[in-house]
Amino acid sequence: MIQSYIRDVPDFPKPGILFKDITPLLQDPKGLELAIGGLAKLVDPASFEIVVGIESRGFLFGMAVAHALKKGFVPIRKPGKLPWKTASESYQLEYGSDKIEIHVDALKPGQRALLVDDLLATGGTMEAAIKLVRRIGGTPVASAFVIELGFLGGKQRLDIPVHSLVRY
Ligand code: AMP
């Protein structure tokens, strides 16, 4: 069971947050197979051409799923990391705001993309990623997560289908 590889860490990175630690899942070959094989089976490979992963844990899962399904991979990164021309999107956090960026030529016009991150909480990060993909001319077709914190309602905020392996 994939849940048994996810470690709950209370009060990280700040008081009141129950952090879902996926490092035990990555460490164990069975856990890794449950995650990558599971994600690859959740999505329809014919519905998209490329995987977009969100820094940084979205890279771990997005890249592996892309390789398993013989797709390419595009990184969405924190500001100032991508060397070429970028588009950027700011979004609100509980306290303050954050920003993510993508290369303007990362997707071909209309190219259909699967967006991947490790965990869906309030949905703010994925909502910004969807906007970015559209801004550079791509077509987000679905999002996929290892973990969904259903009680935070992030899914309601997204206008593309949400796939997740574990819901809390
Ligand atoms: P959100 O934008 O609120 O959906 O938050 C999603 C992003 O924050 C993801 O990239 C997660 O990795 C991270 N995140 C949010 N809450 C948690 C949590 N409880 N445990 C681990 N990561 C989290």
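Look above for the structure.
Residues numbered from 1 in each chain as written. Predicted model: local features only at pLDDT ≥ 70, side-chain atom pairs only at ≥ 80, totals over all residues. Heavy atoms only, no water.

J.: Looking at this structure, I do not really get the site of the ligand. What am I missing?
T.: In the region of the ligand, 13 residues are neighbours, and Asp117, Asp118, Thr122, Gly123 and Thr125 sit closest. One of the side-chain N or O atoms of threonine 122 is found 2.5 Å from an oxygen atom in the ligand. Contributions of two or more residues to the shell around the ligand are made by β2 (18-21), β7 (112-120) and α4 (124-135). Per-class residue counts for the shell around the ligand are five nonpolar, four polar and four charged. (Near = heavy atom within 4 Å. Polar contact = N/O pair within 3.5 Å; in protein donor to acceptor, adjacent residues only side chain to side chain. Helix = DSSP H or I, 4+ residues; strand = E, 2+ residues; numbered from the N terminus. Nonpolar A, V, L, I, M, F, W, Y, C, P; charged D, E, K, R; others polar.)

J.: Help me understand the side chain of aspartate 117, please; the structure alone is not making it clear to me.
T.: Tracing the backbone shows aspartate 117 in strand β7. Among buried Asp, Glu, Lys and Arg side chains, aspartate 117 stands out as unpaired, with arginine 57 the closest opposite charge at 6.6 Å. A polar contact of 3.4 Å, which involves the side chain of aspartate 117, links it to the backbone nitrogen of glycine 58. Residue contacts for aspartate 117: discarding those within four places in its chain leaves Ile54, Arg57, Gly58, Thr125, Met126, Ala144, Phe145 and Val146. (Buried < 20%, exposed > 50% of the residue type's maximum accessible area, 1.4 Å probe, protein only. Lys, Arg positive; Asp, Glu negative; His and termini not counted. Salt bridge = Lys/Arg side-chain N within 4 Å of Asp/Glu carboxyl O. Contact = heavy atoms within 4.5 Å.)

J.: I'm lost on the environment of glutamate 127 in this one. Help?
T.: Tracing the backbone shows glutamate 127 in helix α4. The exposure class assigned to glutamate 127 is partly exposed, which follows from its relative accessible area of 24%. Filtering out sequence-adjacent residues up to four positions away, glutamate 127 remains in contact with Arg157 and Leu158.

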